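# Fold and geometry: a report
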Amino acid sequence: MIRRYDFGIPFPTEAVVLDLTPNPEPLPHFTKKGTKLNLFLKLERDTVVYGLGESNRGLNKRGYLYESFCSDTSTHTPDIFSMYGAHNFLLISGKNTFGVFIDCPEKITFDIGYSDYDDLKISGESTDYTIYIIEEDNLRSIIRSFRTLIGESYIPPKWGFGYQQSRWGYSKESEFYDIADQYQNLDIPLESIYMDIDYMEAYKDFTVDPSRFPNFKTMVSDLRSRGIRLVPIIDAGVKIEEGYSVYEEGVEHGYFCEDETGKPFVAAVWPGRVHFPDFINPAARKWFGEKYKILTDCGIDGFWNDMNEPAIFYSEEGLEETFSYLDSIRDTNIGIKESFGMREAIENLSNNPKDYDRFYHNHNGERIVHRKLHNLYGYMMTRAASEGLHSIQEDKRFLLFSRASYIGMHRYGGIWTGDNSSWWEHLLLNIKMMPSLNMCGFLYSGADLGGFGCDTTYDLMIRWLQFGLFTPLMRNHSAISTREQELYQFSSTGYFSKLLKFRYRLLPYLYSEFIKAVKCHDMFFLPLSFEYEHDSLSRSVEDQLLIGESLMSAPVYTQNAAGRYVYLPESMLMVKFDSRLERTCEILEKGHHFIELSLEEFVLFIKRNKFLMLAPEANNTDSLDCTSFEIIGYSDQTDVLSYDFYDDDGISSKVDLSTMLQVQISKKDSVWKLSNQIPQIKITKIDIMEASVY
Ligand code: GLC
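First, a word on scope: everything that follows refers to the structure included in this document.

Around the ligand there are 13 residues in total, and Asp196, Asp306, Arg403, Asp419 and His477 lie nearest to it. The side chain of Asp306 places a nitrogen or oxygen atom 3.1 Å from an oxygen atom of the ligand. Take Arg403: an N or O atom from its side chain is 2.9 Å from an oxygen atom of the ligand. Contact with the protein chains covers 97% of the free accessible surface of the ligand, which is 310 Å². Looking at the shell around the ligand, its residues break down into eight nonpolar, one polar and four charged.

Following this line, the structure appears as structure tokens:
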């Protein structure tokens, strides 16, 4: 059951798709004070609070403070409060179990047992918001209800599940050919190469620098014929430059956000001074979205939208304040106060919340200060892109993901989790964040594998890829001037080749589970506690994830580990892969186990009475055979096992679960065989372990 409560005059964020009538009764569960957002709830000691999508710390949010305020936060240390996304959904699991979604585009603070361990406080300046309360029988049903409320998640093309290589700094044609050659000469799978800001001419959106990319279209098609796609970045800020058509059209039609005087607001990002398209204005959205055609006409079919919190390096006003402060102390004896003051003045230049009070949006003729709609900006940019791409080719799925987001954007694109670092802690953060993102509708997601900032190491790269094998977006991305981390930069390329070929073996299962999760409003990554709700130990497991209906992943995420402890809420089949990706299987009982795993080894678990379909190895989705499978599984006193397998052409926008195939195997005379004939697929081998070993 979902109930809606309106306060003030909420802005139509279009986060939800169900049109519910506001409930006139008082808001249940919470004590609410005043007209501003101010909710209070007493927590029991063992209440677990899930949610908040892209946010810091654990799966259980208890014990810290979080802010929903889309921020260009480049260092994800444990003390930060906000990240790039604003996902205002909590799932409270205690004596009273329910979900709450606060649909409000302004900044919100979630104090989840931070000021007082037993109190939950949700507060903000806004007086205009909608609150949805979701109550169902169990955690997973609450998520399904919530996801029905917010609508179906974005589905990428199947190639978006391939292995993708990215780095900030690739800046000329020969580099892209070189990356392709290096991967292909070493027989390491590669699906796409990303084009970061350096492909543009002076960082101008929808341009390609002709001096560094003289034959761009030919390069796109050459690489495409080798199975590789190119994915360019698009930034939110539009460079101010006479003669640049995007800038001139934007000014002419009034498509940019305005300052107090009604002139286009000036801020600075990569190109220096820019204007921000007013993505709140539908006409500006349409205009910007159609610009993607400049690149799709060159053969591009995937994009990533960036800097759309929006990130601001400085505003004119900020510069003025900083320089005047520096001038004021220039001739003084610069002491402690001034030294700190100087540092602060420089630091405050970028992403200063004061700047969000300095520009305005046009919402059907009404002027609204940006601060009040801040968390919608990245959402509406990605919506612009998605609608634009749809108008370019309606029947095709494009790859699209964004850095900033708000619930609602999950219908238009995925997200990546921004500028992490090459730290083991961020591998763990990646693991913990995935289910939280899924709760909020963001299914197509992943982190920068290997880490974006800082220098990665060989062992971190390996362990991160061993987890990345399961994330829908599997992209290796790093920052300019850090250690190069394309997989051919390391010595054991043979292992990477094997590991990534295994990703393609898994891909049909991942794709099938992903589409089922989208269509059934379910989760792809599930915390153990969602499946084993009555198993109290499962509630505290945050470093193992269920993936779809058959699998559990238990990645190693610490340096120099000889293995890891795993908790099994029921008996499962452990499948251990060695450095040659050869496997050994063993049924393990419910309980705690230490699994030895040297650096090039990893495990996955198959649940009781489930199986996994593995395709043959492949180097990209073009050559992936989704019709021939090996089956591995675990039967516990049953002679019949089945799996609903979904597949399609991976590209057309029509995705229909009714074409799902039920793959059923059964045991006769101690031999497992496919029991129903399915013309579309061939089963080459069946390897089922049985519990009777105990
Ligand atoms: C931002 C993005 C990062 C990108 C860089 C340069 O920091 O988060 O992924 O590489 O900008 O475009």
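Once you've had a look at it, read on.
Quick look at the packing of helix 7 (residues 316–329) against helix 8 (residues 336–347) now. It is at 10 Å that the axes of helix 7 and helix 8 come closest, and there the two elements cross at 160 degrees. For the element pair helix 7 / helix 8, the angle class is roughly antiparallel. Like other packed secondary-structure pairs, helix 7 and helix 8 cross with a definite hand, here left-handed. Note on element contacts: helix 8 touches helix 7 through Lys337, Glu338, Gly341, Met342, Ala345 and Ile346, opposite Thr322, Tyr325, Leu326 and Ile329. Residues belonging to the contact of helix 7 with helix 8 are distributed by class as follows: six nonpolar, two polar and two charged.

Every buried residue of helix 4 (residues 245–253) is accounted for by Val246, Tyr247 and Gly250. Along helix 4, the residues classed as buried sweep out an arc of 100 degrees about the axis, all on the same side. The inward-facing, buried residues of helix 4 contact strand 15 (238–239), strand 17 (272–275) and helix 5 (282–291). Positive phi shows up at Gly254, right after helix 4, with a value of about 70 degrees.

On inspection of all chains with the given rule, the structure shows 57 salt bridges. With a closest N to O distance of 2.8 Å, Arg4 and Asp6 form a salt bridge. Residue Arg4 is classed as buried on the basis of its relative accessible area of 17%. Residue classification places Asp6 among the partly exposed residues on the basis of a relative accessible area of 27%. Members of the salt-bridge network, linked through shared partners, are Asp72, Asp306, Glu309, Arg403 and Asp419.

With six bridges joining them, strand 32 (residues 572–577) and strand 33 (residues 583–588) adopt antiparallel strand pairing. Looking across to strand 33, one finds that Met572 is bridged to Leu588. Between the end of strand 32 and the start of strand 33, which pair antiparallel, lie five residues, with Leu581 showing a positive phi angle near 65 degrees.

Our next topic: the sheet that holds strand 40 (residues 671–674). Pairing in this open sheet of three strands is antiparallel, and the strands run 38-39-40 from one edge to the other. This sheet does not close on itself; its edge strands, each paired only once, are strand 38 (640–645) and strand 40. For this sheet, the mean inter-axis angle between neighbouring strands, taken without regard to orientation, is 20 degrees. With four bridges connecting them, strand 39 (residues 661–668) and strand 40 associate as antiparallel partners.

A word on the side chain of Asp306. Structurally, the position occupied by Asp306 is in strand 18 (residues 302–306). On the basis of relative accessibility, which here comes to 7%, the residue Asp306 falls in the buried class. A distance of 3.1 Å separates the side chain of Asp306 from the side chain of Arg403, its partner in a polar contact. The residues contacting Asp306, other than those within four sequence positions of it, are Ile233, Ile234, Asp235, Ala236, Met381, Arg403 and Trp416.

Right, let's get into the nonpolar core. Core analysis: the largest hydrophobic core is formed by 210 residues, its most contacted members being Phe89, Phe216, Phe276, Leu487 and Phe605. Per element, the largest residue contribution to this core is 15 residues, and it comes from helix 13 (residues 493–519). Contact partners of Phe89, with chain neighbours within four places excluded, come to Tyr50, Gly51, Leu52, Gly99, Val100, Phe101, Ile134, Ile143, Phe146, Ile407, Met439 and Cys440. Membership of the second largest hydrophobic core comes to 26 residues, among which are Phe7, Tyr64, Ile108 and Ile112.

Moving on, we come to the sheet that holds strand 9 (residues 108–112). Two modes of strand pairing occur in sheets, parallel and antiparallel, and in both the strands are linked by backbone hydrogen bonds. Read across the open sheet, the five strands follow the order 2-3-10-9-5; overall the sheet is antiparallel. Edge positions in the open sheet fall to strand 2 (31–32) and strand 5 (64–68), since each of these has one partner strand only. When strand 2 meets strand 3 (residues 38–42), the two strands line up antiparallel, connected through two bridges. The residue bridging Lys32 from the neighbouring strand is Leu39, located in strand 3.

Further remarks concern the packing of aromatic side chains. In total, this model carries 58 aromatic pairs according to the counting rule given. Between Tyr64 and Tyr114, the ring centres sit 5.5 Å apart and the planes meet at 80 degrees, which makes this aromatic pair edge-to-face. Taken together, the residues span a long stretch of sequence, with Tyr64 in strand 5 and Tyr114 in the loop between strand 9 and strand 10 (119–123) at a distance of 50 residues. Taking the centre distance of 5.2 Å and the plane angle of 75 degrees together, the rings of Phe629 and Phe645 count as edge-to-face. Here Phe645 lies in strand 38 and Phe629 lies in strand 37 (residues 628–635), a separation of 16 residues in the sequence.

Along the chain, Leu460 falls in helix 12 (residues 458–468). Spatially, the C-alpha atom of Leu460 lies 43 Å from that of Leu326, the residues being 134 residues apart in sequence. Among residues more than four places away in sequence, those in contact with Leu460 are Ser422, Trp423, Trp424, Leu427 and Gly450.

Burial within strand 32 is extensive, with five of its six residues counted as buried. With five bridges connecting them, strand 32 and strand 35 (residues 602–606) associate as antiparallel partners. Residue pairing for strand 35: Phe577 is matched across the bridge by Phe602.

Each value, and the rule that gives it
- Residues numbered from 1 in each chain as written.
- Predicted model: local features only at pLDDT ≥ 70, side-chain atom pairs only at ≥ 80, totals over all residues.
- Heavy atoms only, no water.
- Near = heavy atom within 4 Å.
- Polar contact = N/O pair within 3.5 Å; in protein donor to acceptor, adjacent residues only side chain to side chain.
- Areas by Shrake-Rupley, 256 points an atom, 1.4 Å probe, with all protein chains shown as cover.
- Nonpolar A, V, L, I, M, F, W, Y, C, P; charged D, E, K, R; others polar.
- Axes fitted to C-alpha atoms, helices over the stretch in contact; angles between N-to-C directions.
- Helix = DSSP H or I, 4+ residues; strand = E, 2+ residues; numbered from the N terminus.
- Parallel < 35°, antiparallel > 145°, perpendicular 65-115°, else oblique.
- Left-handed = near helix turned anticlockwise from the far one by under 90°.
- Contact = heavy atoms within 4.5 Å.
- Buried < 20%, exposed > 50% of the residue type's maximum accessible area, 1.4 Å probe, protein only.
- Arc of directions from axis to C-beta.
- Salt bridge = Lys/Arg side-chain N within 4 Å of Asp/Glu carboxyl O.
- Pairing = 2+ DSSP bridges.
- Core = buried A, V, L, I, M, F, W, Y, C linked by side-chain atoms within 4.5 Å.
- Phe/Tyr/Trp six-rings, centres within 6.5 Å; stacked < 30°, edge-to-face > 60°.

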